[in-house]
Amino acid sequence: MSDTNTNQTKKRILSGIQPSGALTLGNYVGALKNWVDLAATDEYECYFMLADLHTITVRQDPKVFRKNTMDLLALFIASGLDPEKNPIFFQSHVPAHSMLGWVMMCYTYMGELSRMTQYKDKAKKHADNLNAGLFTYPSLMAADILLYQADLVPVGDDQMQHLEITRDLANRFNNANSPTFKVPEAYIPKVGARIMSLQEPTQKMSKSDSNENSYILLLDPIDKTVKKIKRAVTDSGSEVKRGEGKEGIENLMNIYSATTGKTMDEIEAEFDGKGYGDFKSAVAEAVAETIRPIQNKYNDLMSNKDYLVQIYKNGAENANKTAMKTVSKVYRKIGFIQP
Ligand code: ATP
Ligand code: LTN
């Protein structure tokens, strides 16, 4: 009998975001918002992780790192995740991640790792610090997911390649030993899987972009966000429509769709005969309406640090129980002597 089904009634979800800097609208729309929506269905048992072990693949200033980590925790909750229902935890508080991470590294081939586009991109950006962790990042990410026997992993589409390697590693281990891991599926949203830069709409919106007008931060003052949207690059035409050469407008339509729930067809109809000015004002308003309540809740949470500490402690305790079950199983199958 398969060993992968552990008395689970609900399907499981695991996902994570690195506390590597202020969260962008892209992170929110591509990842966080979907976590909130999926968790709200009550169909899944969800684990949400701050991937702080992953973050140190790029050098961090300890003080800034600590602040970014607490900010992200507060933003998870401010965005609507309910820590009472779904554990929220720091990866570094659950030793099982490092334990299984090593095992996964021993099942990952160098050739596979060298094909990862995130590695290639980051290697270019951080040529002065090409550390082994940056290279083996996908093995640790696979461990994160497999530890929880996750069925579904909601992420933006830039993470698809990491999900594929995770599935390969699960199958490789299951075939070499016996069924141990659930083989997870990616959940990529239909709208907003890739929010583009406001200045170069063929590039992903990224918090590490050197041009700050290219991204929207969830914690930016609202008036700054409105200005950035109004300044977003469009094209020389005037129709709010998708199409060749209209990447800027299409990106704003995507943002509008993700923040209002309207379909692309509905948006084209709504702005038929209207110009870019009206459209940008509507996008700015929709984004502001989405961000404002998150900022208010964030400010409340940041003045209640004890509550945040309680959440990450409970989260780690719960995550640890689930994750250690998988580690024990894996250690036994590998042939390690039981302690
Ligand atoms: P960086 O840009 O510094 O590499 P990042 O913004 O991609 O970092 P991550 O922590 O790597 O941040 O990503 C967190 C989640 O947000 C992932 O699920 C990722 O797919 C998603 N995501 C990131 N950027 C975007 C974007 N522009 N559009 C949609 N989803 C995104
Ligand atoms: N690599 C992811 C962050 C991440 C993650 C995970 C996402 C680390 N471990 C496990 C989903 C599941 C990124 O977004 N850059």
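Preceding this paragraph is the structure being described.
Quick caveat: nothing in here was measured; it's all calculated off a predicted structure.

Visitor: I would appreciate a short explanation of the overall build of the chain in the present structure.
Guide: When its secondary structure is counted, the chain shows 13 helices and 5 strands. Taken against the 2.2 N^0.38 rule, which gives 20 Å for 339 residues, the C-alpha radius of gyration of the chain at 21 Å falls within 12% of a compact globule. Structurally, the chain occupies a C-alpha span of about 70 × 45 × 40 Å along its principal axes. Sorting the 339 residues of the chain into buried and exposed places 52% on the buried side. Here the contacts in the chain between residues at least 6 apart in sequence split such that 76% fall between residues at least 24 apart.

Visitor: Looking at this structure, I do not really get the packing of aromatic side chains. What am I missing?
Guide: Each aromatic ring pair is described using two quantities: the centre-to-centre distance and the angle formed by the ring planes. Using the criterion set out here, one finds 12 aromatic pairs in the structure. Taking the centre distance of 4.9 Å and the plane angle of 40° together, the rings of Y47 and Y148 count as tilted. Taken together, the positions of Y47 in strand β2 (residues 44–50) and Y148 in the loop between α7 (132–146) and β4 (152–154) put the pair 101 residues apart, joining distant regions of the chain. For Y47, a relative accessible area of 4% translates into the label buried. Overall, Y148 belongs to the buried group, its relative accessible area being 0%. Where Y119 meets F135, the ring centres are 4.9 Å apart and the plane angle is 70°; that geometry is what we call edge-to-face. Of this pair, Y119 sits in helix α6 (residues 117–125) while F135 is found in helix α7, placing the two residues 16 residues apart along the sequence. Through a chain of ring-to-ring contacts, three or more aromatic side chains come together here, namely W35, F48 and F76.

Visitor: Would you take a moment to explain the packing of helix α4 (residues 96–105) against α7 for this structure?
Guide: Put simply, α4 and α7 touch, their axes get as near as 8 Å, and they point 125° apart. One element, α4, and the other, α7, form an angle in the oblique class. The hand of the α4/α7 crossing is right-handed. Two secondary-structure elements touch here, α4 through H97, L100, G101, M104 and M105 and α7 through T136, S139, L140, A143, D144 and L146.

Visitor: Could you clarify how one ought to interpret the pattern of salt bridges in this entry?
Guide: Opposite charge on two side chains makes pairing possible when the charged atoms of those side chains draw close. Enumeration over the complete set of coordinates arrives at 17 salt bridges. A salt bridge links K224 to D220; its shortest N-O distance comes to 3.9 Å. With a relative accessible area of 7%, D220 lands in the buried category. Between K228 and D220 there is a salt bridge whose closest N-O contact spans 2.9 Å. Overall, the relative accessible area of 1% leaves K228 in the buried class. Here the residues in one salt-bridge network are E212, D220, K224 and K228, joined through shared partners.

Visitor: What is the right way to read helix α10 (residues 247–260) from this model?
Guide: In an α-helix, one turn spans 3.6 residues; hence positions three or four apart end up facing the same way. Compared with the 20 Å implied by 1.5 Å per residue over 14 residues, the 20 Å span of α10 between its first and last C-alpha is a close match. Of the surrounding secondary structure, the elements contacted by the buried residues of α10 are α1 (25–40), α9 (222–230), α11 (264–270) and α12 (276–302). Directly beyond the C-terminal end of α10, a positive phi value near 85° is found at G261.

Visitor: Help me understand the site of ligand 1 in this model?
Guide: Near ligand 1, the surroundings consist of 20 residues, among which G156, D158, I195, K204 and S206 are the closest. K122 places a polar side-chain atom, nitrogen or oxygen, 3.2 Å from an oxygen atom of ligand 1. Taken by itself ligand 1 offers 600 Å² of open surface, and the protein chains cover 94% of this. Considering each element in turn, the shell around ligand 1 owes the most residues, 4 residues, to α1. Here the residues of the shell around ligand 1 sort into 6 nonpolar, 9 polar and 5 charged.

Visitor: What is the right way to read the nonpolar core from this model?
Guide: A general tendency of soluble globular proteins is for nonpolar side chains to be buried together. Within the largest apolar cluster, 63 residues are counted, with the highest numbers of intra-cluster contacts made by L25, F48, L73, F76, I88 and F279. Here this core takes 12 residues from α12, the largest share from any one element. The contacts of L25, once residues within four sequence positions are left out, are M205, I216, L218, I255 and V287. Judged by nonpolar contacts, the second largest core, of 40 residues, contains Y47, Y137, L146 and F181.

Visitor: I'm lost on the site of ligand 2 in this one. Help?
Guide: Around ligand 2 sit 15 residues, and of these G16, Y137, M141, D144 and Q159 come closest. A distance of 2.7 Å separates a nitrogen atom of ligand 2 from a polar atom in the side chain of D144. Contact distances for ligand 2 include 3.1 Å between a nitrogen atom and a side-chain N or O atom of Q159. Burial of ligand 2 by the protein amounts to 91% of the accessible area it has alone, namely 370 Å². Elements with a contribution of two residues or more to the shell around ligand 2: β1 (11–17) and α7.

Visitor: Can you walk me through unusual backbone geometry in this structure?
Guide: Leave glycine aside and you will find that most residues have negative phi; peptide bonds, for their part, are mostly trans. The residue D42 is not glycine, and still its phi comes out positive at about 65°. Along the chain, D42 falls in the loop between α1 and β2. Even without a glycine there, the phi angle at Q149 is positive, about 50°. With respect to the element layout, Q149 can be found in the loop between α7 and β4.

Definitions and limits used
Residues numbered from 1 in each chain as written. Chains lettered and ligands numbered in written order. Predicted model: local features only at pLDDT ≥ 70, side-chain atom pairs only at ≥ 80, totals over all residues. Heavy atoms only, no water. Helix = DSSP H or I, 4+ residues; strand = E, 2+ residues; numbered from the N terminus. Rg over C-alpha atoms; globule rule 2.2 N^0.38 Å. Buried < 20%, exposed > 50% of the residue type's maximum accessible area, 1.4 Å probe, protein only. Contact = heavy atoms within 4.5 Å. Phe/Tyr/Trp six-rings, centres within 6.5 Å; stacked < 30°, edge-to-face > 60°. Axes fitted to C-alpha atoms, helices over the stretch in contact; angles between N-to-C directions. Parallel < 35°, antiparallel > 145°, perpendicular 65-115°, else oblique. Left-handed = near helix turned anticlockwise from the far one by under 90°. Salt bridge = Lys/Arg side-chain N within 4 Å of Asp/Glu carboxyl O. Expected span 1.5 Å × (residues − 1). Near = heavy atom within 4 Å. Polar contact = N/O pair within 3.5 Å; in protein donor to acceptor, adjacent residues only side chain to side chain. Areas by Shrake-Rupley, 256 points an atom, 1.4 Å probe, with all protein chains shown as cover. Nonpolar A, V, L, I, M, F, W, Y, C, P; charged D, E, K, R; others polar. Core = buried A, V, L, I, M, F, W, Y, C linked by side-chain atoms within 4.5 Å.

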